[in-house]
Amino acid sequence: MLKYLYFFLLLISRFALAENIYRFDIYGSSTYRIWNEDSPFNPNNVLGAPTWTHTLELRPDFQFNLTEKHSLVLRSRHFLQSFETEFTNPDRTRTTRDEDSDLSDLFFSTNWSDSFGTTIGLQNYQWGPAEIFSPSNPFFHFGTNQRSFFFKEKGRVLVRANWNPDPNSNRWSVVGMYEPIDNNTRFWTADRNFDPRSALKVEYQFENPANAFAFVGGQGEKQRGFIGEYFNWSWMEGISLYGDMQHRQGRTNYVPEQNGFGLYDLVDSEDDRIYTLAVLGFRWEGRVDFRQEFILNEAGYDSDEWKQVRASATTLSPNLLTNLGRFASPGLEFRTQTYSYTSLRIPDLGASKMASVGIRWLSSLEHYSSVLQLNYEYNWSDNLVISLEGLQFMGSDNSEFKIVDNQQASIGFRWSY
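Residues numbered from 1 in each chain as written. Predicted model: local features only at pLDDT ≥ 70, side-chain atom pairs only at ≥ 80, totals over all residues. Heavy atoms only, no water.

S.K.: How should I be thinking about the pattern of salt bridges in this particular structure?
M.R.: Any two side chains of opposite charge can pair, so long as their charged atoms come close to each other. Scanning the model with the defined rule gives 21 salt bridges in all. Notably, a salt bridge pairs Arg 360 with Glu 131, separated by 3.7 Å at the nearest N-O pair. Remark: Glu 131 occurs in the loop between strand E5 (116-123) and strand E6 (156-163) and Arg 360 occurs in strand E17 (residues 355-364); sequence separation between them is 229 residues. We note that Arg 360, like Glu 131, is buried. Among the salt bridges present, the one from Arg 197 reaches Glu 179, with a minimum N-O distance of 3.7 Å. (Salt bridge = Lys/Arg side-chain N within 4 Å of Asp/Glu carboxyl O. Helix = DSSP H or I, 4+ residues; strand = E, 2+ residues; numbered from the N terminus. Buried < 20%, exposed > 50% of the residue type's maximum accessible area, 1.4 Å probe, protein only.)

If you want it as C-alpha cells, here you go:
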C-alpha cells in the first residue's frame, strides 16, 4: 500500500511548488534487556521479553507545498528487526525476525486566511508545558519509552481547525479537534474498543510569550466529558513554573473487585466522583536544562488497591487471563497516585561541544519504585548522531517499575540525508 501512496505523492509533487522538503532518517540500534527473573508477574519470562533486539529503520519525510495555501505531509517508518528471547524452565532461546512498514503521519493542511486554517489526517498534535506528558490532551497518552532517542509517536486521525481571533497580536488561539476513527493501533486500554473523542482548546499568551494560560474541554475516555487547563509563568528569564491538568467524572480505568472465591478481578469502575490528573513543575534554563515535576493521579491505585490489582494478575483463578491483560493495560497513565519526575540535560560537552548528556528519573512516591534513564548523544558529523542509552529499574521485585525488567541498555545511531 505504501509504495502506491509514494507513487501518488511523487506524481502530484510535479505540480507542486518548488519549495518541497524531502528528508530521510536511518536509525540503527541494538538493545540488551535484562528481565526480572524473580518477578511474580513474569515467571520464566512467560511474557516473552526479548533479551536482544536489533533494529534498522528508515523514516522518510515528505512535505509538499501544493499551492500557497495547501500543503501535504507524509512520514512513514520501515522496519527490519530481529529478536533473541531467552526462557527458563526449560532453558531455551528463540530467535525471530520481523519486517514491517507503517504510516506515522499523513495530513493535508489549508490556510484559508490569515486567521483560520485546517489540518485533516494522521498527525501528531501535542501541547502543554510539562515534559513528562500533557494530562489535558485526550488523544495521546504517556508511554514509558517516549523519551528514548529511538522513539517516534504515531499520529492520531484528527480533524483540526485553528482560529486566531486577533491575527495582529497573536495573543489568542482557538483549536477545535475531533478524532472520528482510530489510527490502526491497539487501543491503550485492554478489552475496549475505540470511541470518537473531541476537544476544544482556547489559549491566551501574555505580553511575555513565555507566559500563557489555556482552557481545554471535550469528550475523552469512555465518551465522558472532561475539562482541563494548563499554564506557564516565567517571572525571570530562564525560570518558570507550570502546570497541566485534566478533571473528569468517574474512574475510566479498571479497578479490583473481590469475587465469590475471595480472589480479585479487574472490572469497570462505577464511581462517578470527579478525579484529577495533574502535572506541576519547575524549570530552570541556563547552562543546563533542569526540570522538577510532580504528578497527581487521583484515579490511580492506592496501597491496598495496588496489592489487590497485583494479586489479580498473579493468582490462579478462572479470570486470570483477563486480569493479566487488564493489569498490563488498565487505562491509566500511571498505576499509582503520586510521582516525582526529575530531568537534567547538559548540552555542548567536550572540547568540540558536540556531545550532550541527559538524566531522567521517574519515581513513585508511594511504593519506593523508580526508573532511572541515562542518555548520551554525540554529533559525529552534520549527518550522523551516535546515541547511548541506559535504563535502571529500582524497587522490590513486585513493585510497579521493576515488575518486569531489571536493566536495559541501547547503542544506536541516526543518519540524516
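Read on for the rest.
S.K.: I keep staring at helix H2 (residues 303-314) and nothing clicks. Help me out?
M.R.: Side chains that are three or four residues apart share a direction in an α-helix, a result of its 3.6 residues per turn. Here H2 contains 12 residues, and its C-alpha end-to-end distance of 17 Å stays within 8% of the 16 Å for a straight helix at 1.5 Å per residue. When we look at burial in H2, the residues that qualify are Glu 305, Trp 306, Val 309, Arg 310, Ser 312 and Ala 313. Down the axis of H2, the smallest arc covering the buried residues is 155 degrees, so these residues share one side. Exposed positions of H2 whose direction lies more than 90 degrees from the buried face are Asp 304 and Lys 307. (Expected span 1.5 Å × (residues − 1). Arc of directions from axis to C-beta.)

S.K.: Can you walk me through the pairing of strand E16 (residues 338-349) in this structure?
M.R.: Inspection of the sheet shows strand E15 (residues 289-297) paired to E16 by eight bridges, in the antiparallel sense. Among the inter-strand pairings, Gln 292 is bridged to a residue of E16, identified as Thr 342. Bridge analysis of E16 against E17 gives nine bridges, and the strand direction is antiparallel. Within E17, the position partnered with Leu 344 by the bridge is Ile 359. Where E16 hands over to E17, the hairpin turn is made up of five residues, of which Gly 350 adopts a positive phi near 85 degrees. (Pairing = 2+ DSSP bridges.)

S.K.: How should the packing of aromatic side chains be read in this particular structure?
M.R.: For the structure shown, the criterion picks out 19 aromatic pairs. The interplanar angle of 55 degrees and the centroid separation of 5.9 Å between the aromatic rings of Tyr 27 and Phe 149 together place this pair among those described as tilted. Taken together, the positions of Tyr 27 in strand E1 (residues 21-35) and Phe 149 in the loop between E5 and E6 put the pair 122 residues apart, joining distant regions of the chain. Judged by relative accessible area, which is 8%, Tyr 27 ranks as buried. Overall, Phe 149 belongs to the buried group, its relative accessible area being 10%. Taken together through their ring pairs, the aromatic side chains of Phe 133, Phe 142, Phe 334, Tyr 339 and Phe 401 make up a single cluster. Between Arg 160 and the ring centre of Tyr 125, over which it is positioned, the NZ or CZ distance is 4.1 Å. Between Arg 192 and the ring centre of Tyr 254, over which it is positioned, the NZ or CZ distance is 4.6 Å. (Phe/Tyr/Trp six-rings, centres within 6.5 Å; stacked < 30°, edge-to-face > 60°. Lys NZ or Arg CZ within 6 Å of the ring centre and 35° of its normal.)

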